[in-house]
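Read off the chains here:
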Amino acid sequence: MDKRDLKKLKLELAINAKSGIDFIISAAIVWSIIAYIWTLPQEPFTQSMWTFYIGMIMLPLAYGLSKILKTKWTTKTNPLQPLGMWLNFAQLFYFPFLFFVLKDNPDYFVMTYVIITGAHFFPYAWFYDEMGYAVVAGIISLGALLVAINIPTQQMYYVPLFMVGCLILLSFWLLIVNRRKRLDVKPNIAQI
């Protein structure tokens, strides 16, 4: 497979899946709920458990959004397509660290979860050929740390709010870039 074929396969995935925007919008909704959870007068351990549980609605929510936004989760003829699932599963290998933080320092569970989630966006910059993912991965990971170390632990809801802001910006970025890709693909298909 030469470089042009690879670029064409990645472009096909980006256009069909709209660069994963259904997942990004779903994540913004989930993290908004998580931010609310961290405003409640509960122990950090309880908030952390609710944070983890609420994450379970991510996939069904993204599926519903895919129907509204008309995105395709699978492109059966594209050999790169299964890689998207593998890239998503990669973040699960960081969960032992997340549970270690939950056990010893639940105040920082939400920060750790944001960093893991944000960092897992990085390989999607290559997968969708979209630099926005790489930029946001760095901003989320470093930003979550900076927010968390500069606020009292009672105000940890600012960390998921920061995540929501980043996800909303990424959503707009993906909408604009995907529209350009779709408009450019027809006249430039021979060059890809």
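Scroll up a little and you will see the structure.
Nothing here was measured: the structure is a model prediction, and the numbers come from that model.

1. Details of the overall build of the protein
Inference 1: A count of helical and extended segments in the protein gives ten helices and zero strands.
Inference 2: Moving toward the C terminus, one meets the helices and strands of the protein in the order α-α-α-α-α-α-α-α-α-α.
Inference 3: In terms of C-alpha radius of gyration, the protein reaches 18 Å, essentially the compact-globule figure of 16 Å for 192 residues.
Inference 4: Taking the principal axes of its C-alpha atoms as reference, the protein extends roughly 60 × 30 × 25 Å.
Inference 5: The buried share of the protein, reckoned over its 192 residues, is 44%.
Inference 6: For the protein, restricting intrachain contacts to residue pairs at least 6 apart in sequence, the fraction spanning at least 24 positions comes to 74%.
Inference 7: Summing over all exposed atoms, the protein offers an accessible surface of approximately 10900 Å²; the carbon and sulfur share of this is 69%.

2. A few points about the packing of aromatic side chains
Inference 1: Scanning all chains against the criterion turns up 17 aromatic pairs.
Inference 2: Here the aromatic rings of Phe52 and Tyr113 are separated by 6.3 Å at their centres, their planes lie at 35 degrees, and the arrangement is tilted. Taken together, the residues Phe52 in helix H3 (residues 44-54) and Tyr113 in helix H7 (residues 109-119) connect sequence positions 61 residues apart.
Inference 3: By relative accessible area, which is 10% here, Tyr113 ends up buried.
Inference 4: Here the aromatic residues Trp31, Phe52, Phe95, Phe99, Phe109 and Tyr113 are joined through ring pairs into a cluster of three or more.

3. Topic: the side chain of Gln81
Inference 1: Along the chain, Gln81 turns up in helix H5 (residues 81-89).
Inference 2: Looking at Gln81, its side chain comes within polar contact range of the main-chain oxygen of Trp73, at 3.0 Å.

4. Let's talk about the packing of helix H6 (residues 95-104) against H7
Inference 1: Look at H6 against H7: their axes get within 9 Å of each other, and the N-to-C directions meet at 170 degrees. Here H6 is positioned roughly antiparallel relative to H7, judged by the angle of their axes. In the packing of H6 onto H7, the handedness of the crossing is right-handed. On the side of H6, the interface is formed by Phe95, Phe97, Leu98, Val101 and Leu102, while H7 contributes Phe109, Thr112, Tyr113 and Ile116.
Inference 2: Here the residues of the contact of H6 with H7 sort into eight nonpolar, one polar and no charged.

5. Structural notes on a nonpolar patch on the surface
Inference 1: A cluster of nonpolar side chains, Met85, Trp86, Phe89 and Leu92, forms an exposed patch at the surface whose accessible area comes to about 450 Å².
Inference 2: Its location among the elements puts Phe89 in helix H5.
Inference 3: Residue classification places Phe89 among the partly exposed positions, given a relative accessible area of 38%.

6. As for the pattern of salt bridges
Inference 1: Evaluation of the coordinates by the stated rule reveals four salt bridges.
Inference 2: We note a salt bridge from Lys7 to Asp129, for which the minimum N-O separation is 3.4 Å. Taken together, the residues span a long stretch of sequence, with Lys7 in helix H1 (residues 3-17) and Asp129 in the loop between helix H8 (124-127) and helix H9 (131-149) at a distance of 122 residues.
Inference 3: Overall, Lys7 belongs to the partly exposed group, its relative accessible area being 46%.
Inference 4: Among the residues examined, Asp129 registers a relative accessible area of 36% and is labelled partly exposed.
Inference 5: Asp129 serves as the salt-bridge partner of Lys10, at 4.0 Å between the closest nitrogen and oxygen.

Parameters and conventions
Residues numbered from 1 in each chain as written. Predicted model: local features only at pLDDT ≥ 70, side-chain atom pairs only at ≥ 80, totals over all residues. Heavy atoms only, no water. Helix = DSSP H or I, 4+ residues; strand = E, 2+ residues; numbered from the N terminus. Rg over C-alpha atoms; globule rule 2.2 N^0.38 Å. Buried < 20%, exposed > 50% of the residue type's maximum accessible area, 1.4 Å probe, protein only. Contact = heavy atoms within 4.5 Å. Areas by Shrake-Rupley, 256 points an atom, 1.4 Å probe, with all protein chains shown as cover. Phe/Tyr/Trp six-rings, centres within 6.5 Å; stacked < 30°, edge-to-face > 60°. Polar contact = N/O pair within 3.5 Å; in protein donor to acceptor, adjacent residues only side chain to side chain. Axes fitted to C-alpha atoms, helices over the stretch in contact; angles between N-to-C directions. Parallel < 35°, antiparallel > 145°, perpendicular 65-115°, else oblique. Left-handed = near helix turned anticlockwise from the far one by under 90°. Nonpolar A, V, L, I, M, F, W, Y, C, P; charged D, E, K, R; others polar. Patch = residues over 30% accessible without salt bridge, like charges linked within 9 Å, V, L, I, M, F, W, Y side chains within 5 Å. Salt bridge = Lys/Arg side-chain N within 4 Å of Asp/Glu carboxyl O.

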